[in-house]
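Summary of structural features
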Amino acid sequence: MTEKTLNIGWLYPDLMSTYGDRGNIIAFQKRCEWRGIKTNLSTINQETKISDLEKLDFIFGGGAQDLEQEIVIKDLQGKKGETIKNLIENGLPALFVCGAPQLMGRYYEPAVGKRIEGLGVFDITTIHPGPNQSRLIGNIIAKVELEGFSTTIVGFENHGGRTQLGKTAKPFAYVIKGFGNNGEDQTEGVIYKYAIGCYFHGPLLPKNPTIADWLIAKSLGKKYKEKVELKSLDDSLENQAHSVIATRLGVGV
Ligand code: GLN
């Protein structure tokens, strides 16, 4: 059997990584390694070339403050952003957390300053109501339904921006407890093809291994053009971490 390798691209880790977002990369890599799948991790930053982006099998982007988001979106204008958008359009799996999906949406209006035009990967818009408005902070649990399985996900959210889904956008999850996209309509995040946008820090993948495996399977499936059955792993610690948060929120799962 030939060895399989996944190329992971991490968006601007020096500018965009908050509340343990790096744990998503560690979980993705470890769950691959435990199954004999190799990973190469590269950073997507100001130096990245289009040809580097085209080699990727999975993209991850974490959260950031408004200021860092502005620096990142400037660099993503033009060919680089277009390439990311096309890759996702062609079925590249991706995970974007908090500040990252705001930039992948149509626009983000920061607490102070001008509207930032996003890449339009997701049909969402986000408006920060201003520095004096309360942020949406705390542990969160939500229900996800993905092709053939449903599960709950737990995490931690901390955002000022309120996200609204456009007409064509599909929510990634529905909030059981917490705020989610805007604290009002129960929706959480957005999913387009195999790209997930969500407000789950905490980080998402270590505490929610079914989502990690879904992304790994989709990445392998796209690259090697075959149906993927991932070897199951002992997830007892991951599941314990999941249920600690669920119990803390008064939801017994
Ligand atoms: N700056 C954004 C907001 O407050 C994102 C914050 C984050 O990524 N944690 O909405």
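In this report, the structure presented in the accompanying data block is examined.

Criteria and cut-off values
- Residues numbered from 1 in each chain as written.
- Predicted model: local features only at pLDDT ≥ 70, side-chain atom pairs only at ≥ 80, totals over all residues.
- Heavy atoms only, no water.
- Helix = DSSP H or I, 4+ residues; strand = E, 2+ residues; numbered from the N terminus.
- Buried < 20%, exposed > 50% of the residue type's maximum accessible area, 1.4 Å probe, protein only.
- Phe/Tyr/Trp six-rings, centres within 6.5 Å; stacked < 30°, edge-to-face > 60°.
- Lys NZ or Arg CZ within 6 Å of the ring centre and 35° of its normal.
- Core = buried A, V, L, I, M, F, W, Y, C linked by side-chain atoms within 4.5 Å.
- Contact = heavy atoms within 4.5 Å.
- Pairing = 2+ DSSP bridges.
- Right-handed = clockwise from strand over helix to strand, strands pointing away.
- Expected span 1.5 Å × (residues − 1).
- Near = heavy atom within 4 Å.
- Polar contact = N/O pair within 3.5 Å; in protein donor to acceptor, adjacent residues only side chain to side chain.
- Areas by Shrake-Rupley, 256 points an atom, 1.4 Å probe, with all protein chains shown as cover.
- Nonpolar A, V, L, I, M, F, W, Y, C, P; charged D, E, K, R; others polar.

Description of unusual backbone geometry
A negative phi angle is the norm for most residues apart from glycine, just as the trans form is the norm for most peptide bonds. The linkage connecting G202 with the following residue, P203, adopts the cis geometry, with an omega of -20°. Here P203 shows up in the loop between strand 14 (195-198) and helix 6 (204-207). Here K193, not a glycine, exhibits a phi torsion of approximately 55°, which is positive. Following the sequence through the fold, K193 ends up in the loop between strand 13 (190-192) and strand 14. Take K193: its relative accessible area is 41%, and that puts it in the partly exposed class.

Here's the deal with the packing of aromatic side chains
Within a pair of aromatic rings, the relevant descriptors are the distance that separates the centres and the angle that separates the planes. For the structure shown, the criterion picks out 5 aromatic pairs. Relative to F60, the ring of W10 lies with its centre 6.4 Å away and its plane at 50°, an arrangement referred to as tilted. Of the two residues, W10 is situated in strand 1 (residues 5-11) and F60 in strand 3 (residues 58-61); the sequence distance between them amounts to 50 residues. We note that W10, like F60, is buried. Ring centres of Y194 and W214 lie 5.7 Å apart, and the angle between their planes is 65°; on these two criteria the pair is classed as edge-to-face. Residue Y194 is located in the loop between strand 13 and strand 14, and its partner W214 is located in helix 7 (residues 209-224); the two are separated by 20 residues in the primary sequence. Against the face of Y224 rests K4, its NZ or CZ located 5.2 Å from the ring centre. A cation sits over an aromatic face here: R115 above Y107, 3.5 Å from the ring centre.

Some thoughts on the nonpolar core
Grouped together as the largest cluster of nonpolar side chains are 34 residues, with contacts concentrated most on L95 and I211. Among the elements that make up this core, the one with the highest residue count is helix 7 (6 residues). Beyond its immediate stretch of four places on either side in the chain, I211 contacts V144, L146, T151, I153, F172, I196, L204 and L205. In terms of nonpolar packing, the next biggest core, distinct from the first, is built from 29 residues, L103, Y108, I116 and V190 among them.

So, the sheet that holds strand 6 (residues 116-117)
One open sheet accounts for 4 strands, arranged 6-5-7-10; its pairing is mixed. The open sheet has two edge strands with one neighbour each: strand 6 and strand 10 (162-165). Of the pairings in the sheet, the one linking strand 7 (residues 124-127) to strand 10 comprises 4 bridges and is antiparallel in character. Looking across to strand 10, one finds that T126 is bridged to T163.

A word on the pairing of strand 2 (residues 38-44)
With 7 bridges connecting them, strand 1 and strand 2 associate as parallel partners. For W10, the partnering residue across the bridge sits in strand 2 and is T43. Read as a crossover between parallel neighbours, the route from strand 1 over helix 1 (residues 22-33) to strand 2 is right-handed.

Concerning helix 1
The terminal C-alpha atoms of helix 1 lie 17 Å apart, and with 12 residues this matches the ideal 16 Å at 1.5 Å per residue to within 8%. For helix 1, the set of buried residues is G23, N24, I25, A27, F28, R31 and C32.

What to know about the site of the ligand
In the vicinity of the ligand there are 15 residues, among which D66, Q69, C98, G160 and G161 approach most closely. A distance of 3.1 Å is found between a nitrogen atom of the ligand and a backbone nitrogen or oxygen belonging to N158. Within the side chain of H201, a nitrogen or oxygen atom sits 3.2 Å from a nitrogen atom of the ligand. Its free accessible area being 290 Å², the ligand has 99% of it covered by the protein chains. Among the elements of the structure, helix 3 (66-76), helix 5 (99-104) and strand 9 (149-159) are those that each provide at least two residues to the shell around the ligand. Of the residues contributing to the shell around the ligand, the split by class is 4 nonpolar, 9 polar and 2 charged.

Details of the pairing of strand 1
Of all 7 residues in strand 1, 7 are buried, a share of seventy percent or more. Residue alternation in strand 1 divides its side chains into two sets, T5, N7, G9 and L11 and L6, I8 and W10, and both sets are buried. Bridge count for strand 1 against strand 3 is 4 bridges, and the pairing is parallel. By the bridge assignment for strand 3, W10 is matched with F60.

This is a description of form; function is not addressed.
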